Amino acid sequence: MATDHTGITHAPGALPIVGHLVPLLRDPLRFLNTLPSYGDLVQIRLGPQRAVVVCRPELVQQVLLHDRTYDKGGPIIERIGNALGDGLASCPHSAHRRQRRSVQPAFSRTCLREYAAIMTEEIDALTSSWSGGQTIGVDAQMYTLASDTIARTLFTAEAAGPAVETVKECLPDIFRGIYQQAVFPPLLRRLPLPSNLRYERARNRAWAAVSKTISLYRQDGETHGDVLSMLLKTQDDTGGGLSDDEIHAQIMTLLVAGIESTAVALTWATHLLCQHPDVQERLRTETADVLGTRTATWEDLPRLDLARRVITETLRIYPPGWILTRTTTTESRLADAVIPPDTTLIYSPYLIHHDARFNPRPSAFDPDRWLPEQQQVRGAFIPFGGGARKCIGDNYALILATMALSTIVARWRLSHADLQRPHIEPRVTLNPHKLQVRVSGGSI
Ligand code: HEM
């Protein structure tokens, strides 16, 4: 293990040519968790590319808060930009403030309240379609819930239906492709491998479907009370709003950033409740009191306290956005190290959430650590990132997840259908693959 002249430690175990690609593809979480033992700033190699992993909460905060110096960039962001266009999640600092101002109104409290009514309908439809004794594929069911709800929030017009279906079909290949393309060396990215071809095809189909929806909205000229109408209206009203390409990129970004992460969070929460029947029972006591067996609504949220803490603890243990990148635009100082311009930095909510120095007993599922009287280390809980680039959909996701989880528990008892732990598939999000759960005791 070596520390270079800039003060950055090099992680051991890099192989010629591929660097740390093997552990990063095979068991990235374990690999990440070994890094803090080498230092606060640890360099790893992805093939020929180098990246510095930031291993302390206060240094991660410094990176997140200085978004001009530590701009969006690095392999994952480049791939997201390539897949979705330069939307909110991948655009550079120079375009970000204007883009964020245009999209932010769609996530106001008034809008969230309206979206909550759509969420209630979708949660009701899903949870009443199950029958007692049935085994459900939770990952697929939560994906359906998140995609139906988010797609309806973005475009409600009936004419957009077929495009929504196409995008939903394409998204899994897009998610898988973005991660693979980010970790593959450039040469492998360009080869006509089946996975590369699947990704290209899915990306092009989704792209065309969103374009078609935008032109349908333009043609009918109506306001549908959804995010797309709002973005088009901003453009018309201000003249200086978003271009058509930017609107396209925003819609793709909201679909991709919103659906999978929310679905994944709900799937992990279900898994944890199966693993911890005591917490599930406590949650049932709360939901029996607040909901009986009806579907949760916006008005119930203040009283669904334990449900909210279960979701928070789930996001700590399994943060869907587990690895994120930045690029330095100038030379900068982080801790005692000098970081040259054009350096890729990695911050990992997973790594920070699982470091016992900042989150004691990191493997324990303990929703009560989020009770107001418990002390937290500043910056040690970052499932939504931070600073100006913090997730725009954080409240949306928390509302949907809290309402969905409490309704599920109010209506059904959950247990693992097989003994196997769900297989973790780290893609752009930390994915629980094929989680089978038995639902019983239907009471509606
Ligand atoms: C549990 C669910 C979610 C998690 C864990 C999550 C996580 C994150 C994280 C970590 C970031 C920051 C990325 C970075 O620092 O590079 C982010 C940004 C973003 N998220 Fe989320 N997200 C979730 C749900 C959503 C939803 C529901 C939407 C929209 C419908 C959304 C839209 C976005 C957008 C547009 C950005 C970019 C914001 C900007 O740069 O201004 N996310 N998300």
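Before any of the text, the structure's been laid out above.
Residues numbered from 1 in each chain as written. Predicted model: local features only at pLDDT ≥ 70, side-chain atom pairs only at ≥ 80, totals over all residues. Heavy atoms only, no water.

**Remarks on the sheet that holds strand β14 (residues 436-440)**
So, step 1. As summarised here, the arrangement of the 3 strands in space is β6-β14-β11, forming an open sheet in which the pairing is antiparallel. With one partner strand each, in any of the chains shown, β6 (135-137) and β11 (413-416) form the two edges of the open sheet. Averaged over all pairs of adjacent strands, the angle between their axes in this sheet comes to 35°, without regard to strand direction.
So, step 2. Bridge count between β6 and β14: 3 bridges; the pairing is antiparallel. Looking at β14, one finds that T135 is bridged to R438.
So, step 3. Strand contacts of helix α7 (residues 138-154): β6 and β14, with the helix running at about 60° to β6, the strand carrying the most contacts. (Pairing = 2+ DSSP bridges. Helix = DSSP H or I, 4+ residues; strand = E, 2+ residues; numbered from the N terminus. Axes fitted to C-alpha atoms, helices over the stretch in contact; angles between N-to-C directions. Contact = heavy atoms within 4.5 Å.)

**Looking at empty space enclosed by the protein**
The gaps left among the atoms become clear once a water-sized probe is rolled over them.
So, step 1. This model, assessed by the stated rule, comprises 2 cavities of 30 Å³ or more.
So, step 2. The volume enclosed by the largest cavity comes to roughly 1000 Å³.
So, step 3. For the largest cavity, the lining is made up of 48 residues, of which A89, A257, G258, S261 and C391 are closest to its centre.
So, step 4. If you list the elements that add at least two residues to the lining of the largest cavity, you get α4 (75-84), α5 (93-103), α7, α8 (161-183), α12 (244-275), α14 (305-317), β7 (324-328) and α16 (394-411).
So, step 5. Among the elements that line the lining of the largest cavity, the one with the most residues is α12, at 9 residues. (1 Å grid on protein atoms, 1.4 Å probe; cavity = no way out; pocket = protein on both sides within 12 Å on 5 of 7 lines; lining within 4 Å. Points joined across faces, edges and corners; volume = space filled by probe spheres on them.)

**So, the site of the ligand**
So, step 1. Taken together, 27 residues sit near the ligand, with K72, H96, R326, Y347 and C391 positioned nearest.
So, step 2. A distance of 2.7 Å separates an oxygen atom of the ligand from a polar atom in the side chain of K72.
So, step 3. Under a 2 Å grid-point criterion requiring more than half of the atoms, the pocket assigned to the ligand is the largest cavity.
So, step 4. Listing elements by their share of the shell around the ligand, those giving two or more residues are α5, α12, β7 and α16.
So, step 5. Top contributing element to the shell around the ligand by residue count: α12, with 6 residues.
So, step 6. Residues that form the shell around the ligand fall into these classes: 16 nonpolar, 6 polar and 5 charged. (Near = heavy atom within 4 Å. Polar contact = N/O pair within 3.5 Å; in protein donor to acceptor, adjacent residues only side chain to side chain. Sits in = over half its atoms within 2 Å of the grid points. Nonpolar A, V, L, I, M, F, W, Y, C, P; charged D, E, K, R; others polar.)

**Topic: the coordination of the iron atom of the ligand**
So, step 1. In this structure, the iron atom of the ligand receives exactly one donor atom from the protein: C391 (SG), at 2.3 Å.
So, step 2. The residue C391 is located in the loop between α15 (349-353) and α16 in this model. (Donors = N, O, S within 2.8 Å, 3.2 Å for Na, K, Ca; no water.)

**So, the packing of aromatic side chains**
So, step 1. Inspection of every chain in the model, using the stated rule, returns 5 aromatic pairs.
So, step 2. Geometrically, the ring pair formed by F107 and Y396 is edge-to-face, given 6.5 Å between the ring centres and 65° between the ring planes. Linking F107 in the loop between α5 and α6 (109-128) with Y396 in helix α16, this pair joins segments that are 289 residues apart in sequence. The burial state of F107 is the same as that of Y396; both residues are buried.
So, step 3. On the basis of an interplanar angle of 50° and a centroid distance of 4.6 Å, the ring pair of W370 and F381 is categorised as tilted. Placement of W370 in the loop between α15 and α16 and of F381 in the loop between α15 and α16 is noted, with a sequence separation of 11 residues between them.
So, step 4. Residue W370 is classed as buried on the basis of its relative accessible area of 17%.
So, step 5. An aromatic cluster of three or more residues is present, and its members are F107, Y115 and Y396. (Phe/Tyr/Trp six-rings, centres within 6.5 Å; stacked < 30°, edge-to-face > 60°. Buried < 20%, exposed > 50% of the residue type's maximum accessible area, 1.4 Å probe, protein only.)

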